[in-house]
There are 2 protein chains.
Amino acid sequence: MIDARPVGYVIGLLVAALGVTMFAPLLADLMAGNGHWPVFLESAILTILVGGLVALACQNGVSAGLSIRQTFLLTTLVWLALPLFGSLPFVLGGTNLTFTDGFFEAMSGLTTTGATVLTGIEGLPEGLKLWRAIMQWLGGIGIIVVAMVFLPELKVGGMQIFRSEAFDTMGKILPRAAEIASRISVVYVAITLACAVCYSIVGMNSFDAITHAMTTVATGGMANYDASFGAFGAGPHYVAVVFMLLAALPFVRYVQLISGGGAVPLLRDSQIRVFFVLIFTVTLLMTLWVWRTFHGFSEAGFREALFNVTSIMTGTGYANADYMQWGPFAVVMFFFIGLIGGCAGSTACSVKVFRYQLLFASIKAQIRRIHSPHGMFTPRYEGRPVSEDVLNSVMAFFVAFMVSVGVVGVALALTGLDFITAISGAATALANVGPGLGPEIGPAGNFAGLSDTAKWILAIAMLVGRLEIMAVLTILSWQFWRA
Amino acid sequence: MIDARPVGYVIGLLVAALGVTMFAPLLADLMAGNGHWPVFLESAILTILVGGLVALACQNGVSAGLSIRQTFLLTTLVWLALPLFGSLPFVLGGTNLTFTDGFFEAMSGLTTTGATVLTGIEGLPEGLKLWRAIMQWLGGIGIIVVAMVFLPELKVGGMQIFRSEAFDTMGKILPRAAEIASRISVVYVAITLACAVCYSIVGMNSFDAITHAMTTVATGGMANYDASFGAFGAGPHYVAVVFMLLAALPFVRYVQLISGGGAVPLLRDSQIRVFFVLIFTVTLLMTLWVWRTFHGFSEAGFREALFNVTSIMTGTGYANADYMQWGPFAVVMFFFIGLIGGCAGSTACSVKVFRYQLLFASIKAQIRRIHSPHGMFTPRYEGRPVSEDVLNSVMAFFVAFMVSVGVVGVALALTGLDFITAISGAATALANVGPGLGPEIGPAGNFAGLSDTAKWILAIAMLVGRLEIMAVLTILSWQFWRA
Ligand SMILES: [K+]
Ligand SMILES: [K+]
């Protein structure tokens with residue numbers, strides 16, 4: 001049996017902490033004078049109370065550290081417990097969402113997916129808009145810490161390739177995980193502030209600037225308007241592109257930068273280079289396509305291509321145009337770039353660039369082995385040979401991801417969703433991108449009209465995708481619970 | 001430089017042999033008295049002449065064996081050269097197809113894909129119907145031999161796991177590859193004859209019985225009617241199901257059976273068991289779905305579900321109903337089961353059951369390694385540990401397959417095809433299934449209306465898929481040509 005008390009203790013504390021953050025939207029509602037603030041008071045009290053009680057109840061079982069199985073349980077249960085309480089303001093508040101809708105919205109927020117069941121978002125109380133942004137922002141920093149500190153130790157999805165990186169190259173400067181986490185938080189806050197300032201400069205009001213900065217840096221994608229970034233002009237579009245890109249890079253590089261490691265690791269990181277080559281190539285193709293199809297040679301056409309390609313590939317999920325109207329090439333392209341994703345150790349999700357690098361390195365080694373059976377060919381990453389262990393993890397992740405898209409797609413189709421909605425819905429939830437394809441859940445639609453069953457399937461898919469699939473599969477294996 | 005002469009010699013001989021087989025449709029046309037026979041005479045003379053000349057020209061370079069690189073070149077060029085000449089009867093004949101359409105039809109035939117650009121097939125001269133069946137039948141036996149004799153030696157796509165099987169367990173009885181090939185041919189002919197006899201018994205005329213037996217056992221799927229098996233009744237449907245299943249099992253098991261090895265290897269083969277569990281489960285689900293949606297409890301509903309599930313999962317591609325009308329669950333399900341496929345060493349294509357078994361074994365080992373980092377967990381297949389080499393090959397194949405679906409899908413979308421047509425077209429061509437999804441290329445449509453560019457993309461995808469992708473990637477790698 002696993003001693004669940006240390007897990008319960010940490011989760012209790014985190015839930016209580018989430019409750020404390022509810023005072024921010026409470027204040028926002030008070031200042032806006034919209035009378036919605038009691039909802040956040042109720043939610044905060046309930047959340048802090050339950051979280052505190054759970055922590056107290058489990059306190060007697062707290063030990064010095066967590067075992068591997070406890071860490072798994074913690075990581076997964078945190079992303080179940082927080083959405084549960086994060087949904088309270090939606091369920092209790094003026095939006096009067098059902099529990100399903102509230103949980104979907106909170107899960108979508110905390111996993112930084114950004115899919116929404118809300119319409120008329122511009123008319124929501126300020127507190128609720130801020131609450132969506134806060135959940136995404138917390139989810140973003142949470143996942144970077146998990147990806148930098150937990151997953152490499154747990155050897156999930158090949159993230160162990162970054163273990164030596166985080167602990168060795170920074171070893172002398174930053175010996176402890178908590179130290180890494182706190183430095184990453186500093187960077188995260190700094191980039192968010194910079195983003196908010198830039199949004200203000202290009203004309204957003206300060207409330208929009210702050211909330212959108214939070215959902216941008218989290219590559220979350222929740223916006224304060226039904227039209228997403230269609231509500232803004234060229235200035236905010238370009239600012240968003242810059243900060244979506246910054247948010248999709250490995251945060252450890254920023255930490256190295258401010259810790260005196262210089263910009264060289266950042267500039268030499270092959271993951272970053274491949275990521276930018278992909279963004280550049282796809283944007284170029286899409287711009288030419290948009291120009292050819294609609295605008296002719298125009299800045300707006302380039303901007304729409306750049307913005308939406310960056311948004312989908314970083315897994316942010318903002319839209320400033322309904323690219324379902326751009327014709328089949330664009331639609332199919334947006335489907336597949338959503339399956340690429342950003343860099344590991346960022347807020348971006350999906351398969352991620354480094355995994356494709358490793359997979360292609362492995363295919364290359366295979367091909368050489370095939371035509372020269374007596375040679376030894378080892379796949380390399382950043383010049384160093386990749387261990388079989390890492391390669392197997394990455395491949396297991398990739399297969400599990402693709403099979404999950406199939407299983408979730410079939411499950412969604414069973415609820416009556418058509419082919420494009422089911423397939424793209426499965427992919428967008430597992431990759432934590434946000435919008436799907438088709439008229440219903442595409443960039444111009446939202447998830448409100450889906451059945452409750454479909455919403456629960458999608459919410460679970462978001463969780464599974466955010467925790468890199470293998471973490472959840474591990475929890476679900478019966479051997480995990482044995483012994 | 002690779003000495004291409006031994007390759008040219010074998011290809012010349014095979015082309016000439018293809019030319020000789022053209023006398024069969026010539027005879028069929030003569031007997032039917034439809035006046036179409038000169039087309040086959042012209043085609044046969046041209047094919048035999050060119051093939052013979054190429055063989056003669058290359059004869060001086062023939063050596064005792066082929067190098068690995070020569071074998072790769074041979075395998076790939078054969079599947080390019082044969083469709084080139086196989087297209088002659090379509091281009092020269094009464095159908096007057098363009099070169100693109102003729103090549104597409106011949107490539108679709110010889111790769112056992114079965115996608116067609118022809119309409120009004122029932123009105124075609126008998127010779128052409130027989131020619132389509134002959135190409136599929138030759139393609140089927142060709143690919144079994146390649147899969148059993150060449151691919152394991154070339155270590156493509158993890159097929160080396162069957163190397164010891166074909167050469168060791170049968171080693172004493174069947175020491176040479178040619179012996180294996182000839183025994184497999186005997187089995188192939190026997191099953192085809194049995195299938196034709198059964199089709200006759202349940203009411204097909206002898207011409208239909210023979211041609212459909214050829215396309216059934218090849219899991220090819222070309223039929224003599226636009227309505228495919230919709231033109232037949234319950235008897236032929238059930239016979240087709242039995243023989244599609246038989247054709248999707250590893251032929252080496254039949255060889256063992258007739259070589260005195262008994263039925264035990266067949267019954268104990270885990271690949272076969274998993275395949276039947278999948279067929280059973282999906283058919284059950286689909287039957288319930290069809291009953292619920294349409295017929296209620298009925299034999300016809302069960303038969304339609306069984307027939308089409310078997311047809312798509314074995315990669316045959318016959319249809320006896322327009323399952324695009326069965327609603328989203330059926331459509332999404334048919335998409336994904338086409339990506340499963342039959343057993344290795346059969347005429348079936350796609351990813352194949354044994355690869356999923358190996359991939360899941362690897363994921364299982366990963367999960368155990370994750371929660372017990374100090375244990376050693378080796379993936380097993382049929383109880384034996386799987387070598388890293390095999391596992392890497394299989395994973396490289398899977399990734400290359402999925403990425404190919406993406407690349408071909410985007411390319412098809414560029415030609416203007418919509419999402420479902422582009423994605424399912426890419427998948428059906430690479431998996432050599434035949435029909436795609438959607439109104440255009442779905443079970444009730446055909447490929448005639450696509451642009452020439454789309455047809456060429458699909459024809460190349462069929463070739464790439466039939467040669468297990470990695471074989472073609474190997475040829476395309478620049479290191480292959482160096483040194
Ligand atoms: K997102
Ligand atoms: K087929």
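Residues numbered from 1 in each chain as written. Chains lettered and ligands numbered in written order. Predicted model: local features only at pLDDT ≥ 70, side-chain atom pairs only at ≥ 80, totals over all residues. Heavy atoms only, no water.

1. Topic: the overall build of chain A
When helices and strands are counted, chain A shows 23 helices and two strands. For the C-alpha atoms alone, the extent of chain A along its principal axes is close to 75 × 65 × 50 Å. Every one of the 483 residues in chain A was classed for burial, and the buried ones make up 63%. In chain A, the share of contacts with a sequence separation of at least 24, taken over all contacts with a separation of at least 6, comes to 71%. With an accessible surface of roughly 16,700 Å², chain A has 69% of that area assigned to carbon and sulfur atoms. Separation between the mean location of the 24 positive side-chain charges and that of the 24 negative ones in chain A comes to 15 Å. (Helix = DSSP H or I, 4+ residues; strand = E, 2+ residues; numbered from the N terminus. Buried < 20%, exposed > 50% of the residue type's maximum accessible area, 1.4 Å probe, protein only. Contact = heavy atoms within 4.5 Å. Areas by Shrake-Rupley, 256 points an atom, 1.4 Å probe, with all protein chains shown as cover. Lys, Arg positive; Asp, Glu negative; His and termini not counted. Charge placed at Lys NZ, Arg CZ, Asp CG, Glu CD.)

2. Section: the relation of the copies chain B and chain A
Placing chain B over chain A gives an RMSD of 0.0 Å and needs a rotation angle of 180°, together with 0.0 Å of translation along the axis. What the superposition gives is, in effect, a two-fold axis relating one chain to the other. Residue by residue, 100% of the interface of chain B is reproduced at the interface of chain A, so both copies engage with the same surface. (Least-squares fit on C-alpha atoms with pLDDT ≥ 70 in both.)

3. A word on the confidence of the model for chain A
Per-residue confidence for chain A gives a mean pLDDT of 88, with 94% of residues at or over 70. Counting interchain partners and residues more than four positions distant, the pLDDT-below-50 stretch residues 165-175 of chain A has 19 contacts. (pLDDT = per-residue confidence, 0-100.)

4. Some remarks on the interface of chain B and chain A
On the side of chain A, 57 residues touch chain B, which itself brings 57 residues to the contact. Across the interface of chain B and chain A, roughly 4,800 Å² is buried in total on both sides, 79% from carbon and sulfur atoms. Taken as a group, Ile370, His371 and Phe419 of chain B account for 15% of the area that chain B buries against chain A, more than any other trio of residues on that side. Our count for the chain B to chain A interface comes out at zero salt bridges. Counting across the interface, chain B meets chain A through four residue pairs in polar contact (both at pLDDT 80 or more). Among the elements that line the side of chain B that touches chain A, the one with the most residues is helix H18 (residues 388-414) of chain B, at 18 residues. (Buried area = accessible area lost by both parts, 1.4 Å probe. Salt bridge = Lys/Arg side-chain N within 4 Å of Asp/Glu carboxyl O. Polar contact = N/O pair within 3.5 Å; in protein donor to acceptor, adjacent residues only side chain to side chain.)

5. Here's the deal with the coordination of the potassium ion (ligand 2)
Residue and element names in this part refer to chain B. Protein-derived coordination of the potassium ion (ligand 2) comes from Thr112 (O), Thr113 (O), Thr219 (O), Gly220 (O), Gly315 (O), Thr316 (O), Asn432 (O) and Val433 (O), at a distance range of 2.4 to 3.0 Å. In the primary structure, the donors to the potassium ion (ligand 2) are separated according to the pattern T-T-x105-T-G-x94-G-T-x115-N-V. With Gly220 in the loop between helix H10 (206-217) and helix H11 (234-247) and Asn432 in the loop between helix H19 (419-430) and helix H20 (438-441), this pair connects stretches of sequence that are 212 residues apart. Each member of the pair Gly220 and Asn432 is classed as buried. (Donors = N, O, S within 2.8 Å, 3.2 Å for Na, K, Ca; no water.)

6. Thoughts on the packing of aromatic side chains
A complete count under the given rule lists 52 aromatic pairs over all chains for this structure. A ring pair is formed by Tyr356 of chain A and Phe398 of chain A, whose centres lie 6.0 Å apart and whose planes are at 80°; its orientation type is edge-to-face. With Tyr356 of chain A in helix H17 (residues 353-371) and Phe398 of chain A in helix H18 (residues 388-414), this pair connects stretches of sequence that are 42 residues apart. Exposure class is identical for Tyr356 of chain A and Phe398 of chain A. Each is buried. Relative to Tyr254 of chain B, the ring of Phe251 of chain B has its centre 5.3 Å away and its plane inclined at 85°; by these criteria the two rings are edge-to-face. Of this pair, Phe251 of chain B and Tyr254 of chain B both sit in helix H12 (residues 251-261), separated by three residues, roughly a single helical turn. A single burial state applies to Phe251 of chain B and to Tyr254 of chain B, both of which are buried. Feature note: the residues Tyr199, Tyr225, Phe229, Phe232, Phe307 and Tyr318 of chain A constitute an aromatic cluster, connected by ring pairs. The ring of Phe397 of chain A carries the charged tip of Arg355 of chain A above its face, separated from the ring centre by 3.7 Å. (Phe/Tyr/Trp six-rings, centres within 6.5 Å; stacked < 30°, edge-to-face > 60°. Lys NZ or Arg CZ within 6 Å of the ring centre and 35° of its normal.)

7. Considerations on the UniProt feature "binding site: K(+)" (unreviewed entry) in chain A
Residues and elements named next belong to chain A. Here the UniProt feature "binding site: K(+)" (unreviewed entry) sits at Thr112, Thr113, Gly220, Thr316, Asn432 and Val433. With the annotated positions falling across 322 residues, the maximum pairwise C-alpha distance of 8.3 Å places them together in a single cluster. When its relative accessible area of 0% is taken as the criterion, Thr316 is described as buried. Residue class for Asn432 comes out buried when judged on its relative accessible area of 0%. If we ignore the near neighbours within four places in the chain, the residues touching Asn432 are Thr111, Thr112, Thr113, Gly315, Cys349, Met462, Gly465 and Arg466. (UniProt positions renumbered as here; feature names shortened; annotations may be inferred.)

8. Considerations on the environment of Val186 of chain B
Summarising the element assignment, Val186 of chain B is placed in helix H9 (residues 177-201). Here the alpha-carbon distance between Val186 of chain B and Gln366 of chain B, two residues 180 residues apart in the chain, equals 43 Å.

9. Description of the state of the cysteines
All names here are of chain A. On inspection of all chains with the given rule, the structure shows zero disulfides over all chains. You can see Cys195 has no disulfide; the closest cysteine sulfur is in Cys198, sitting 6.8 Å from it. Exposure remark for Cys195: the relative accessible area of 0% places this residue in the buried category. (Disulfide = S-S within 2.5 Å.)

10. A look at the side chain of Thr216 of chain B
Residues and elements named next belong to chain B. Position of Thr216 among the secondary structure elements: in helix H10. Classification of Thr216 as buried rests on a relative accessible area of 0%. Among the polar contacts listed, one links the side chain of Thr216 to the backbone oxygen of His212, at a separation of 2.5 Å. Within the structure, the side chain of Thr216 is placed 2.9 Å from the side chain of Tyr318, a separation counted as a polar contact. Dropping the residues within four chain positions of it, Thr216 is found in contact with Cys195, Tyr199, Ala240, Phe243, Met244, Ala247 and Tyr318.

11. Things to note about the pattern of salt bridges
All names here are of chain A. Applying the stated criterion across every chain yields a total of 14 salt bridges over all chains. With its nearest N and O atoms 2.7 Å apart, the salt bridge here joins Lys455 to Asp101. Linking Lys455 in helix H21 (residues 452-466) with Asp101 in helix H6 (residues 99-110), this pair joins segments that are 354 residues apart in sequence. Neither Lys455 nor Asp101 differs from the other in exposure class; each is buried. Taken together, the salt bridges that share partners define one network made up of Lys352, Arg355 and Glu468.

12. Concerning the packing of helix H6 (residues 99-110) of chain B against helix H21 (residues 452-466) of chain B
All names here are of chain B. Running from N to C, H6 and H21 cross one another at 25°; their axes reach a closest spacing of 9 Å. Here H6 is positioned roughly parallel relative to H21, judged by the angle of their axes. In this structure, the crossing between H6 and H21 has a hand that is left-handed. Here Phe99, Thr100, Asp101, Phe103, Phe104, Met107 and Ser108 of H6 lie close against H21, whose contacting residues are Asp452, Lys455, Trp456, Leu458, Ala459, Met462 and Leu463. Partitioning the contact of H6 with H21 into residue classes produces nine nonpolar, two polar and three charged. (Axes fitted to C-alpha atoms, helices over the stretch in contact; angles between N-to-C directions. Parallel < 35°, antiparallel > 145°, perpendicular 65-115°, else oblique. Left-handed = near helix turned anticlockwise from the far one by under 90°. Nonpolar A, V, L, I, M, F, W, Y, C, P; charged D, E, K, R; others polar.)

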